[in-house]
Amino acid sequence: MAHKTHPVGFRLGIVKTWNSKWFEDQKYRQWLHEDLKLRRFLKRELMNASISEITIERAANKVKINIFSARPGIVIGKRGAGVEGLKKKVQKMTESEVFLNIQEVRKAEVNAQLVAENICQQLERRIAFRRALKRAVQTAMKFGAKGIRVNAAGRLGNSEMGRREWYREGRIPLHTLRADIDYGFHEALTSAGTIGVKCWIFKGEVYDHRGGNAGDARFPRPVPQR
């Protein structure tokens, strides 16, 4: 059996960085579980706001949560009421002082997590899975992706036996460390059972930095192949 490496974990410190940015010896376990709990809560609370990513930064007794959303208006609410209400709920879950930062995702069509979630929403509405997958591939390529692969596994089309179907267009260099590959996964809860959807989107190759350390002598700049 093949063993697939997670595209983000494979590139950490090279072209990708961590979703939680902090260092701690004494409270490591407490902060780790707190991060997981905060992410689960925010994903559930902002289910309709198209959340692609949640990053957490900590310093002493402060925690800054960056929420990347394709529909920031839903998160912010009328005159900022949504953010204030959300901040009060999050504050009850942690002893640290909370700061919320809402950032807009410009192109949701080339964000792997949002593409996977969009396909799952279509599957739950009983749209034909082939149409949903092909439409996602065509839209991503039209919006400038260098390559995309979508993969759906489960009881597709209410079939008796689970199976896997995938579509690919363009390049997806999974073994190239300098390749900027966005990865997303979501599950569709259909009447026939759970269908898992994975999405890989290739956005180009990164030459000018590694993990945000531009110009660092420890991370030499790779020489492009001619």
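What counts as what
Residues numbered from 1 in each chain as written. Predicted model: local features only at pLDDT ≥ 70, side-chain atom pairs only at ≥ 80, totals over all residues. Heavy atoms only, no water. pLDDT = per-residue confidence, 0-100. Helix = DSSP H or I, 4+ residues; strand = E, 2+ residues; numbered from the N terminus. Contact = heavy atoms within 4.5 Å. Pairing = 2+ DSSP bridges. Buried < 20%, exposed > 50% of the residue type's maximum accessible area, 1.4 Å probe, protein only. Axes fitted to C-alpha atoms, helices over the stretch in contact; angles between N-to-C directions.

1. Things to note about the confidence of the model for the protein chain
Part 1: Mean pLDDT for the protein chain: 89, with 91% of residues reaching 70 or above.
Part 2: Across the protein chain, element-level confidence peaks in strand 5 (residues 147-154) with a mean pLDDT of 96 and bottoms out in helix 3 (residues 72-76) with 89.
Part 3: Long-range and interchain partners of residues 212-219, a stretch whose pLDDT sits below 50, account for five contacts in this model, where long-range means more than four residues apart.

2. Notes on the pairing of strand 8 (residues 194-205)
Part 1: Relative to strand 8, strand 5 runs antiparallel, the two sharing seven bridges. Within strand 8, the residue paired with I148 across the bridge is I201.
Part 2: Turn length for the strand 7 (residues 179-189)-strand 8 hairpin, with the two strands adjacent in sequence and antiparallel, is four residues, and the turn residue G193 shows positive phi of about 145°.

3. Re unusual backbone geometry
Part 1: Of note, R79 is a non-glycine position whose phi angle comes to about 55°, a positive value.
Part 2: Tracing the chain through its elements places R79 in the loop between helix 3 and helix 4 (81-91).
Part 3: You can call R79 exposed: its relative accessible area is 85%.
Part 4: Look at N158: it is not a glycine, yet its phi comes out positive at around 60°.
Part 5: You can call N158 partly exposed: its relative accessible area is 48%.

4. Examining the sheet that holds strand 3 (residues 62-69)
Part 1: Spatial ordering of the open sheet is given by 1-2-3-4, a layout of four strands whose pairing is mixed. Whereas interior strands pair on both sides, the edge strands pair on one side only; in this sheet they are strand 1 (20-21) and strand 4 (97-104).
Part 2: Examined bridge by bridge, strand 3 and strand 4 share eight bridges and lie parallel to one another. Following the sheet pairing, K62 is matched in strand 4 by E97.
Part 3: Along the sheet, helix 2 (residues 28-45) contacts strand 1, strand 2 (51-59) and strand 3; its crossing angle with strand 2, the most-contacted strand, is approximately 150°.

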